[in-house]
Amino acid sequence: MVDGDGLYGSSRSDEQQRALLTSGRVPVAVYGLGKMGLPLAGVYAETTGNVTGVDIDPSVVGTVTNGESHVVGEPGLEALIADQVAAGRLEATTDGTAAAERARIHVVIVPTLLDDRQKPDLSTVDSVADDIAAGLSPGDLVIAESTLPPGTCRDVLRPHLAGKSGLESDAFGLAFCPERTSSGTALRDVRGQYPKVVGGVDAESGRAAAIVYDELSSNDVHLVSDATTAEAVKVFEGIYRDVNIALANELGRLADELEISVREAIETANDLPMCQIHDPGPGVGGHCIPYYPHFLLSRMTEPMELTRTARTVNDGMPTVTADRLEEELSSVGTSIAEASVVVLGLTYRAGVEETRASPAIDLVETLEDRGAAVAGIDPLVDPASCGARPVEIDRLEEEHFDAAVIVTPHEEFDRIPWTALESMIVVDTRDAMDLSGTDHRVYTLAGSADGRRPRAGASGDAVDRPDGEPGSEHGTASVRRTDGGNDV
Ligand SMILES: NC(=O)c1ccc[n+]([C@@H]2O[C@H](COP(=O)([O-])OP(=O)(O)OC[C@H]3O[C@@H](n4cnc5c(N)ncnc54)[C@H](O)[C@@H]3O)[C@@H](O)[C@H]2O)c1
Ligand SMILES: CC(=O)N[C@@H]1[C@@H](OP(=O)(O)OP(=O)(O)OC[C@H]2O[C@@H](n3ccc(=O)[nH]c3=O)[C@H](O)[C@@H]2O)O[C@H](CO)[C@@H](O)[C@@H]1O
């Protein structure tokens, strides 16, 4: 048994441990204050009242110290951070070792990426583990929320923490408790939108972490057998999504040959609860879904052919998009090598300031390789960072483009005055825009959910758009954000 206020191996009653936690007697350090780490630190602060956030980026730490949020598009986050910092319940530092020395609960929420050979790159997690080990005490509880390759807590983190701290490996707790959060709803999700999965490297770690999340979350705690199972749950959720989207993309590509809108067919098939086909699109981006399959692909001896193929299908979608654009251009006598193209939306998802693995990057590169001059518009990031010449939304009218490709339907694109723009080809990879009231020649990848085939106006379309749709008389267009549209 451990003396003091640590939860791991505590001899106190369950109620006493909860009281310690919620009264601020158990200091918490949260390592990584990014898109998910800052909301998580905020919720830890509102629950425990004693949180130090750690980030290697001094500008992030400076912002949080001022009671502000550097993460945009998260309802309630600015107010939460302002309140918690003002009340002295949350502070921030770049000094991970000092934070670790104070803390009894250590929460890791830094990115886990891939190296050049698509193998997991755990260097950020390793570096945080060094910080934690420097301040680790008997009875401390380490919680990993960063998505990890299954087996990492048991085989890598636990020996790492023990070796660097000099403690026996059963002197401190270690549990994997994955984020089930999504940008745009992070606070809602952390506070308990879904059951919280908890798995410890030993039973006592699982027990202690379950207490923490029972206090933090309004939803159930789902305690699984061990940390590796919990790690697998998170990676499986991501692989399911990647494989499902790959299926949607494979089916979506059939729209021209079948002479139907595949989106209409998918939406109709999804009437049945056993059928949940996701949305076709230009590919799968972000620093989660395209990465997680490799957490197993790079390490398992089983072939995992389906998972591997799904990655190939999704990674191929920017090329498919470029091919469709090239065909449309060629049908009006324009060579891609002479075309000027504007890409609308460079981030991987609408409203999220993130371009890692964004399909827009590969699309820009592919179009440029084929000789096109590529410009880009994005309200959140500089298109130049993705290789495209930056254009302002409000200056589009001054430019001439042979084509536009809608990759990521930010809501700011509602402002685009389509009827004022010279007529051009518009490849809509998301079924995001209704341009039927304009002169533009539209190609909707996989067709439109309302039944329009990929080429707007193709004879035989079953469903006509009713007059007076929003925006049509002003020449603007309503934007549907379909990425993840099948989610509940
Ligand atoms: N973004 C999502 O939708 C999402 C959803 C579920 C799970 N996750 C998991 O959460 C992890 C973090 O995601 P995110 O979106 O918050 O990432 P992010 O890129 O927005 O932020 C990561 C933060 O960690 C900081 N950091 C990097 N190295 C550090 C170190 N050694 N010590 C302290 N801070 C360090 C960075 O400066 C940055 O502020 C992901 O890798 C993933 O495993 C993310
Ligand atoms: C359901 C959900 O919210 N899952 C989340 C996901 O969040 P995310 O921010 O990575 O976003 P996604 O919505 O998964 O999109 C990824 C890419 O796939 C494209 N896409 C998506 C759906 C579709 O039907 N067709 C598509 O083509 C989309 O455009 C984008 O490029 O990962 C997090 C980390 O693990 C999870 O925690 C989190 O739950």
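Rules behind the numbers
- Residues numbered from 1 in each chain as written.
- Chains lettered and ligands numbered in written order.
- Predicted model: local features only at pLDDT ≥ 70, side-chain atom pairs only at ≥ 80, totals over all residues.
- Heavy atoms only, no water.
- Helix = DSSP H or I, 4+ residues; strand = E, 2+ residues; numbered from the N terminus.
- Rg over C-alpha atoms; globule rule 2.2 N^0.38 Å.
- Buried < 20%, exposed > 50% of the residue type's maximum accessible area, 1.4 Å probe, protein only.
- Contact = heavy atoms within 4.5 Å.
- Areas by Shrake-Rupley, 256 points an atom, 1.4 Å probe, with all protein chains shown as cover.
- Lys, Arg positive; Asp, Glu negative; His and termini not counted.
- Charge placed at Lys NZ, Arg CZ, Asp CG, Glu CD.
- Pairing = 2+ DSSP bridges.
- Axes fitted to C-alpha atoms, helices over the stretch in contact; angles between N-to-C directions.
- UniProt positions renumbered as here; feature names shortened; annotations may be inferred.
- Parallel < 35°, antiparallel > 145°, perpendicular 65-115°, else oblique.
- Left-handed = near helix turned anticlockwise from the far one by under 90°.
- Nonpolar A, V, L, I, M, F, W, Y, C, P; charged D, E, K, R; others polar.
- Near = heavy atom within 4 Å.
- Polar contact = N/O pair within 3.5 Å; in protein donor to acceptor, adjacent residues only side chain to side chain.
- Domains from an automatic or database assignment.
- Phe/Tyr/Trp six-rings, centres within 6.5 Å; stacked < 30°, edge-to-face > 60°.
- Lys NZ or Arg CZ within 6 Å of the ring centre and 35° of its normal.
- Right-handed = clockwise from strand over helix to strand, strands pointing away.
- Expected span 1.5 Å × (residues − 1).
- Core = buried A, V, L, I, M, F, W, Y, C linked by side-chain atoms within 4.5 Å.

A. Molecular detail of the overall build of the protein chain. Along its length, the protein chain carries 16 helices and 16 strands. For the protein chain, the C-alpha radius of gyration of 25 Å lies close to 23 Å, the compact-globule estimate for 488 residues. Taken over the C-alpha atoms alone, the protein chain extends approximately 80 × 50 × 40 Å along its principal axes. Relative to its 488 residues, the protein chain shows a buried fraction of 55%. Looking at the protein chain alone, contacts between residues at least 24 apart form 70% of all its contacts between residues at least 6 apart. Counting only carbon and sulfur atoms, one obtains 48% of the accessible surface of the protein chain, whose full area is about 20100 Å². Taking the average place of the 39 positive charges on the side chains of the protein chain and the average place of its 82 negative ones, the gap between the two points comes to 4 Å.

B. Quick peek at the sheet that holds strand 13 (residues 389-390). In spatial order, the strands read 13-12-11-14-15-16; together these 6 strands make up an open sheet with parallel pairing. Bordering the open sheet on either side are strand 13 and strand 16 (441-444), each of which pairs with just one other strand. The pairing of strand 14 (residues 403-406) with strand 15 (residues 425-428) spans 4 bridges and is classified as parallel. Note that in strand 15 the partner of Ala403 across the bridge is Ile425. Against the sheet, helix 16 (residues 359-369) makes contact with strand 11 (340-344), strand 12 (373-377) and strand 14, and its axis sits at roughly 180° relative to strand 11, the strand it touches most.

C. Representation of the UniProt feature "domain: UDP-glucose/GDP-mannose dehydrogenase C-terminal" (unreviewed entry) in the protein chain. In this numbering, the UniProt entry assigns the feature "domain: UDP-glucose/GDP-mannose dehydrogenase C-terminal" (unreviewed entry) to residues 342-435. A distance of 16 Å separates the end C-alpha atoms of residues 342-435, which is 12% helix and 19% strand.

D. Local environment of the packing of helix 15 (residues 317-331) against helix 16. One can describe the packing of helix 15 onto helix 16 by two numbers: an axis separation of 8 Å at closest approach and a directional angle of 45°. Compared by their axis directions, helix 15 and helix 16 come out oblique. Between helix 15 and helix 16 the crossing geometry is right-handed. Seen from helix 15, the contacting residues are Pro318, Thr321, Ala322 and Leu325; seen from helix 16, they are Pro359, Asp362, Leu363, Thr366 and Leu367. The class makeup of the residues in the contact of helix 15 with helix 16 is 6 nonpolar, 2 polar and 1 charged.

E. Fine view of the site of ligand 1. As a matter of local geometry, ligand 1 sits amid 25 residues, with Met36, Asp55, Thr147, His287 and Arg356 nearest to it. At 3.5 Å, a backbone N or O of Ile56 approaches a nitrogen atom of ligand 1. Contact distances for ligand 1 include 3.1 Å between a nitrogen atom and a side-chain N or O atom of Ser127. Looking at which element gives the most residues to the shell around ligand 1, the answer is helix 6 (residues 123-135), with 3 residues. For the shell around ligand 1, the per-class residue count stands at 9 nonpolar, 10 polar and 6 charged. Each of domain 1 (14-225) and domain 2 (253-488) gives at least three residues to the shell around ligand 1.

F. Looking closely at the sheet that holds strand 2 (residues 51-54). Strands sit in the order 3-2-1-4-7-8-9-10 across an open sheet of 8 strands; the sheet is mixed. The two strands at the open ends of the sheet, each matched to only one other strand, are strand 3 (90-93) and strand 10 (221-223). Shown here is a sheet whose adjacent strand axes are inclined to one another by a mean of 25°, direction ignored. Here 4 bridges tie strand 2 to strand 3, and the two strands are oriented parallel to one another. Considered in strand 3, the bridge of Val51 is made with Leu90.

G. The packing of aromatic side chains, seen in detail. In total, this model carries 2 aromatic pairs according to the counting rule given. Measuring from ring centre to ring centre gives 5.5 Å for Tyr292 and Phe295, while their planes differ by 50°; the resulting arrangement is tilted. Taken together, the positions of Tyr292 and Phe295, both in helix 13 (residues 292-297) and 3 residues apart, correspond to about one turn of that helix. For the pair formed by Tyr292 and Phe295, the shared burial category is buried. Taking the ring centre of Tyr213 as reference, the NZ or CZ of Lys196 above it sits at 4.7 Å.

H. Summary view of the site of ligand 2. Inspection of the region around ligand 2 gives 19 residues, with Lys234, Arg241, Cys288, Tyr348 and Arg430 positioned closest. One nitrogen or oxygen atom from the side chain of Lys234 is found 2.7 Å from an oxygen atom belonging to ligand 2. In this structure, an oxygen atom belonging to ligand 2 sits 2.8 Å away from a side-chain N or O atom of Arg430. Taking 730 Å² as the accessible area of ligand 2 by itself, protein coverage stands at 88%. If one sorts the elements of the shell around ligand 2 by residue count, helix 10 (residues 227-252) sits on top with 3 residues.

I. Summary view of the pairing of strand 8 (residues 173-176). On strand 8, burial covers both faces: Gly173 and Ala175 on one face and Leu174 and Phe176 on the other are all buried. Two elements, strand 7 (residues 141-144) and strand 8, share 4 bridges in a ladder whose sense is parallel. Within strand 8, the position partnered with Ile143 by the bridge is Ala175. For the crossover from strand 7 across helix 7 (residues 152-165) to strand 8, the handedness is right-handed. One ladder, built from 2 bridges, connects strand 8 with strand 9 (residues 196-200); its direction is antiparallel. Paired with Ala175 across the two strands is Gly200, which belongs to strand 9.

J. Focus on helix 2 (residues 37-48). End to end, helix 2 covers 16 Å across 12 residues, agreeing with the expected 16 Å (1.5 Å per residue, within 8%). Counting buried positions over the 12 residues of helix 2 gives 11, a clear majority of the element. Within helix 2, burial applies to Gly37, Leu38, Pro39, Leu40, Ala41, Gly42, Val43, Tyr44, Ala45, Thr47 and Thr48. Count one or two residues on from helix 2 and you reach Gly49, which has phi positive near 80°.

K. Representation of the nonpolar core within the structure. The biggest cluster of nonpolar side chains holds 41 residues, and the ones touching the most others in it are Tyr44, Ile105, Val107, Ile143, Val212 and Tyr213. If one sorts the elements of this core by residue count, helix 2 sits on top with 6 residues. Residues contacting Ile105, with those up to four places away along its chain left out, are Leu7, Leu21, Val26, Pro27, Val28, Ala29, Leu141, Ile143 and Val212. One finds Val125, Ala144, Ala162 and Ala230 within the second-largest nonpolar core, a separate group that totals 32 residues.

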